[in-house]
Amino acid sequence: MNILVVDDEKEIADLIELYLKNENYNVFKYYTAQEALACMEREGLDLAILDIMMPHIDGFTVLQKIRETYNFPVIMLTAKEEEIDKINGFSLGADDYITKPFRPLELVARVKAQLRRFTLYNQSSKPHEDTIDFAGLMMNKNTRQVLLNERQLSLTPTEFSILWYLSSNRGKVISSEELFQEIWGEKYFNSNNTVMVHIRHLREKMKDSVENPKFIKTVWGVGYTIEK
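The numbering scheme is per chain: residues are counted from 1 as the chain's sequence reads. The model is predicted, so local features are restricted to residues of pLDDT at least 70 and side-chain atom pairs to those at 80 or more, both for listing and for counting; the totals for chains, interfaces and linings are taken over all residues. With hydrogens and water stripped out, all remaining heavy atoms of the structure feed into the side-chain values.

Within an unreviewed UniProt entry, the label attached to the chain reads Two-component system, OmpR family, response regulator VanR, and the organism entered is Lysinibacillus fusiformis. UniProt positions are given in the numbering used here, feature names are shortened, and annotations may be inferred rather than shown by experiment. As stated in UniProt under Subcellular location (unreviewed entry), the record for the chain gives "Cytoplasm".

Here it is as structure tokens:
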């Protein structure tokens, strides 16, 4: 697995590299966004860890460049704790977000969870299990192509996974806890609004209203559902 690590703080980048290499990952480490962007064009990457606050070109810009072409998972790394930074990151296509200072083993666990989820949803399976087609929504798990009324949707890997899981369980109410644990592979905390943010962006891309949704409906106090 090839992992891109970009952080202008040399000590942090070196520490992340050390822990990832201990897990036998192939690490491409850079201290500037310019070098990282050049690497993206040369190497086949499976995941990226991006620091947000970098000189000249910030992590959000690098994330935008990644999402123009690639759908591999991206973890944002930053010293900022403001909620708006998390929302900005998710809206641009980030899959996870971790705040400095962090425990290296926690970061490694997040990396493993993202790679496991991404690999799971890209594995080949039986033909009838590879596609979902209902109410004008067509999804292909192998190509990760999503069409809604013949209009192509550009979804992040996490958004695709959420929509696939809800669509695969049509008629069932899925709690935020179940959705979080299924997609992120981690324990859910009540204060975590990650699921809500991703659902909001999914609705925006699908042009699905909150008041009268055609697809993702909120069951207040329980979770979300897509009706049959």
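And the narrative resumes.
A. Region of the structure containing the layout of surface pockets. One number sums up the size of the second largest pocket: a volume of about 330 Å³. Forming the boundary of the second largest pocket are 19 residues, of which Arg 67, Tyr 70, Asn 71, Ser 154 and Leu 155 lie nearest the centre. Counting from the N terminus, the helices are the DSSP runs of H or I reaching at least four residues and the strands are the DSSP runs of E reaching at least two. Residue assignment for the lining of the second largest pocket shows that the elements contributing at least two residues are helix H3 (59-69), helix H4 (83-92), strand E9 (151-153) and helix H6 (157-168). Counted by class, the lining of the second largest pocket contains six nonpolar, nine polar and four charged residues. Domain delimitation in this document rests on an assignment produced automatically or drawn from a domain database. Split by domain, the lining of the second largest pocket shows at least three residues from each of two domains, domain 1 (1-119) and domain 2 (129-224). Put plainly, a pocket is an open set of points on a 1 Å grid over the protein atoms alone with protein on both sides within 12 Å along at least five of seven lines, a cavity is a set where a 1.4 Å probe fits but cannot get out, and a lining residue has an atom within 4 Å of a point. Grid points are joined across faces, edges and corners, and a volume is the space filled by probe spheres set on the points. Any residue outside Ala, Val, Leu, Ile, Met, Phe, Trp, Tyr, Cys, Pro, Asp, Glu, Lys and Arg is labelled polar, Gly included; the first ten of those are nonpolar and the last four are charged.

B. Examining the packing of H6 against helix H7 (residues 176-184) more closely. Contact geometry for H6 and H7: axes closest at 10 Å, N-to-C directions at 125°. If you check the angle between H6 and H7, you find them oblique. Crossing hand, H6 versus H7: right-handed. Residues Thr 158, Ser 161, Ile 162, Tyr 165 and Leu 166 of H6 touch H7, and the partners they reach there are Glu 178, Leu 179, Glu 182, Ile 183 and Trp 184. All axes are obtained by fitting lines to C-alpha atoms, using only the stretch in contact for helices, and the reported angles, taken between N-to-C directions, cover 0 to 180 degrees. Under this scheme an angle from 65 to 115 degrees is roughly perpendicular, one under 35 degrees roughly parallel, and one over 145 degrees roughly antiparallel; angles in between are oblique. Each crossing is labelled by how the near helix is turned from the far one, with a counterclockwise turn of less than a right angle marking it left-handed and a clockwise turn marking it right-handed. Any two residues having at least one pair of non-hydrogen atoms within 4.5 Å are treated as being in contact.

C. Molecular detail of the pairing of strand E12 (residues 223-226). Where strand E10 (residues 174-175) and E12 come together, two bridges link them in antiparallel fashion. Counterpart to Ser 175 in the pairing with E12 is Gly 223. Sheet analysis places strand E11 (residues 216-219) next to E12, joined by four bridges and oriented antiparallel. In the sheet register, Thr 218 faces E12, and the bridge partner there is Tyr 224. By this definition, two strands are paired if DSSP reports at least two bridges between them.

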